[in-house]
Amino acid sequence: MAATQEEIVAGLAEIVNEIAGIPVEDVQMDKSFTDDLDVDSLSMVEVVVAAEERFDVKIPDDDVKNLKTVGDATDYILKHQS
Amino acid sequence: MSSTNRTVVVTGIGATTPLGGDVASTWEGLIAGRSGVGPLEQDWAAEMPVRIAAQIAVEPGKIIPRPQARRLDRSAQFALIATQEAWKDAGFTAKAGEDGSVDPDRLGAVIASGIGGVTTLLDQYDVLRDKGVRRVSPHTVPMLMPNGPSANVGLYVNARAGVHTPVSACASGAEAIGYGIEMIRTGRADVVVAGGTEAAIHPLPIAAFGNMMAMSKNNDDPQGASRPFDVDRNGFVLGEGAGVVVLESQEHARARGAAIYAEAVGQGISADGHDIVQPEPEGNGIAHALQNLLQNTDVRPSEIVHANAHATSTPAGDIAELKALRKVFGDETDHIAVASTKSMTGHLLGGAGGIESVATILALKNRLAPPTINITTLDPEAGVADIIRDKPRPLPQGPITAINDSFGFGGHNVVLAFRLDG
């Protein structure tokens, strides 16, 4: 069953909390991974792999660079989840 | 600033070891003659020929926040914890450049390990094999590279004069401190954070060292297994942890009013040219390093009162070292009180030179040398030197010097000398 937008944001918040130690409530749609959430380029790869597994979606490396904000990632997952 | 023969002093020390999570608890353990060795209770240990080790007393995960820890190999975590203590102990309250106490361009870092990020390498190989390519951590390379601990320490203190990682197996930590002394002596830096770290308690290194017949298999008596100079010694006990010192030019330390532990007088280095793992049995390579120490520095045998021996509790190595002392120092060997703190900490490989330099510096400062424990029957061949047994030994008043020996597979020999004035 496909995840809702709310479920995806909550899931990403848990992943970012695990990887970067940012409180889950700070992980909002408009937040930039690198500028606001302490996720550098290497940690972003970890976020993507964890999100792929959690939401059963494939995010090719070429698409990762377009995922600047939590909203970008949420929209991508919403569109591409199987 | 361009002087090439400056006096170097120690202004800070830090450690996390099998005896304690800091310098004070480690020193208390050393003086009490406490063993840090215990049984390995991990599931994988059951099938190992060796089921004992000197594991860290305070897990680094209790100190380093999880998001930071997940991108640091365990050896880098130990190095950072020891550095934090040493940096603060030296009186620095912020990164270089933030409070004016040290210029980042004049600050170096030299942290070594014998094996590097071996647990990261092996754990990530397990991930690759069991979970697939995609799951291999993107942090793997900076975690497993041998210069990882040095680079992370360099970032922590903001060292920009140079960050280095000499690798010489179990002599690595001592070689790092020697390298740091040279950086300051020759004018490349005013302050250097230097030391050694190791985190290799994992089934592969234990199986490999075990199959070399290098490790004690006294699984039924963990605390008595590391017994340097005892007639029944049968190999080393693997330890883990880190020891770090802050080295500083005497003029820089005086200018900022820093407390000085001891002078880091210098080093003697040599290579055996004998065998890839066996020590040269007569101690000729070690003697060469001791002679180089006397040649390169103003250390005189008459002032040496203590040696923190490399002695790992192997049948051949322990005696070769004592023979070398007698060969070079002759009758002056009689006033050198020799201890192997590995009897308590186990053998930290590349971390050994770090924590044993800390122990040597504290022995001078407290004028009290730690003992060698577990000598039930002294090897008659160890009679060529004065071995401190069971209880710590007070050291004389006045200016005194102590040496710290470290030797590594490959035939690497490093001797460091520290001196306490008046």
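Residues numbered from 1 in each chain as written. Chains lettered and ligands numbered in written order. Predicted model: local features only at pLDDT ≥ 70, side-chain atom pairs only at ≥ 80, totals over all residues. Heavy atoms only, no water.

All names here are of chain B. Domain boundaries in chain B define domain 1 (8–255) and domain 2 (265–420). Taking only C-alpha atoms, the centre of domain 1 and the centre of domain 2 are 21 Å apart. At the interface, 63 residues of domain 1 touch 60 residues of domain 2. For the domain 1 and domain 2 pair, buried surface summed over both sides reaches about 4500 Å², with 71% attributable to carbon and sulfur atoms. (Domains from an automatic or database assignment. Contact = heavy atoms within 4.5 Å. Buried area = accessible area lost by both parts, 1.4 Å probe.)

Let's shift gears to the interface of chain B and chain A. Counting residues at the interface gives 10 residues for chain B and 16 residues for chain A. Together chain B and chain A conceal approximately 1100 Å² of surface at their shared face, both sides included; 40% is due to carbon and sulfur atoms. Contact with chain A buries area across many residues of chain B, yet Arg70(B), Arg134(B) and Pro138(B) alone supply 51% of it, more than any other trio. In this structure, the connection of chain B to chain A is made through seven salt bridges. One salt bridge in this structure joins Glu53(A) and Arg135(B), with 2.6 Å as the shortest N-O distance. One can count 10 residue pairs in polar contact (both at pLDDT 80 or more) joining chain B with chain A. Of the residues belonging to the side of chain B that touches chain A, the class tally is three nonpolar, two polar and five charged. (Salt bridge = Lys/Arg side-chain N within 4 Å of Asp/Glu carboxyl O. Polar contact = N/O pair within 3.5 Å; in protein donor to acceptor, adjacent residues only side chain to side chain. Nonpolar A, V, L, I, M, F, W, Y, C, P; charged D, E, K, R; others polar.)

Let us now look at the packing of helix 10 (residues 284–296) of chain B against helix 11 (residues 315–329) of chain B. All names here are of chain B. Closest axis-to-axis distance for the helix 10/helix 11 pair is 8 Å, and the angle between their directions is 45°. The pairing of helix 10 with helix 11 is recorded here as oblique in orientation. You can see that helix 10 and helix 11 cross each other, and the crossing is right-handed. Each of Asn 284, Ile 286, Ala 287, Leu 290, Gln 291 and Leu 294 in helix 10 lies in contact with helix 11, whose residues at this interface are Ala 320, Glu 321, Ala 324, Leu 325, Lys 327, Val 328 and Phe 329. Classifying every residue of the contact of helix 10 with helix 11 gives nine nonpolar, two polar and two charged. (Axes fitted to C-alpha atoms, helices over the stretch in contact; angles between N-to-C directions. Helix = DSSP H or I, 4+ residues; strand = E, 2+ residues; numbered from the N terminus. Parallel < 35°, antiparallel > 145°, perpendicular 65-115°, else oblique. Left-handed = near helix turned anticlockwise from the far one by under 90°.)

Looking now at the UniProt feature "domain: Ketosynthase family 3 (KS3)" (unreviewed entry) in chain B. Mapped onto the present numbering, the UniProt feature "domain: Ketosynthase family 3 (KS3)" (unreviewed entry) falls on residues 5–420 of chain B. Helix makes up 32% of residues 5–420 of chain B and strand 19%, with an end-to-end C-alpha separation of 19 Å. (UniProt positions renumbered as here; feature names shortened; annotations may be inferred.)

Our focus in this paragraph is the UniProt feature "active site" (unreviewed entry) in chain B. UniProt tags Cys170(B) as "active site" (unreviewed entry). Overall, Cys170(B) belongs to the buried group, its relative accessible area being 10%. (Buried < 20%, exposed > 50% of the residue type's maximum accessible area, 1.4 Å probe, protein only.)

All names here are of chain B. Spatial strand order, 5-4-6-7-1-8-15-14-9-10-12: 11 strands in an open sheet with mixed pairing. The open sheet is flanked by strand 5 (162–164) and strand 12 (386–387), the only strands paired with a single partner. Two strands pair when backbone bridges link them, and strand 9 (residues 304–308) and strand 10 (residues 337–339) are joined in this way by three bridges, in the parallel orientation. Residue pairing across strands places Ala 307 opposite Val 338, the latter belonging to strand 10. The strands touched by helix 3 (residues 74–89) within the sheet are strand 1 (8–16), strand 4 (107–112), strand 6 (191–198) and strand 7 (241–249), with strand 1 carrying the most contacts at an inclination of about 130°. Across the sheet, helix 7 (residues 172–185) lies against strand 1, strand 4, strand 5, strand 6, strand 7, strand 8 (262–271), strand 14 (400–408) and strand 15 (412–420), angled at about 175° from strand 6, the strand it touches most. (Pairing = 2+ DSSP bridges.)

As a further point, take helix 7 of chain B. Here helix 7 of chain B is 14 residues long and its end C-alpha atoms lie 20 Å apart, about the 20 Å a rise of 1.5 Å per residue gives. Within the sequence span of helix 7 of chain B, burial applies to Ser172(B), Gly173(B), Ala174(B), Ala176(B), Ile177(B), Gly178(B), Gly180(B), Ile181(B), Met183(B) and Ile184(B). (Expected span 1.5 Å × (residues − 1).)

With that out of the way, let us pick up the pairing of strand 6 of chain B. Residue and element names in this part refer to chain B. Of all eight residues in strand 6, eight are buried; the element is thus mostly enclosed. The two faces of strand 6 match: Val 191, Val 193, Gly 195 and Thr 197 on one face and Val 192, Ala 194, Gly 196 and Glu 198 on the other face are all buried. The pairing of strand 4 with strand 6 spans six bridges and is classified as parallel. Looking across to strand 6, one finds that Leu 107 is bridged to Val 191. Across eight bridges, the pairing between strand 6 and strand 7 is antiparallel. Residue pairing across strands places Ala 194 opposite Val 245, the latter belonging to strand 7.

Attention now goes to the nonpolar core. All names here are of chain B. The biggest cluster of nonpolar side chains holds 46 residues, and the ones touching the most others in it are Val 10, Ile 13, Ile 177, Val 245, Leu 247 and Phe 418. Built from parts of two domains, this core gets at least three residues from each of domain 1 (8–255) and domain 2 (265–420). Non-local contacts of Ile 13, meaning those with residues more than four positions away in its chain, are made with Val 23, Glu 85, Ala 86, Asp 89, Val 244, Val 245, Tyr 261, Val 358, Ile 361 and Leu 362. Formed by 29 residues, the second largest nonpolar core is a distinct cluster that contains Ala 287, Leu 294, Phe 329 and Val 338. (Core = buried A, V, L, I, M, F, W, Y, C linked by side-chain atoms within 4.5 Å.)

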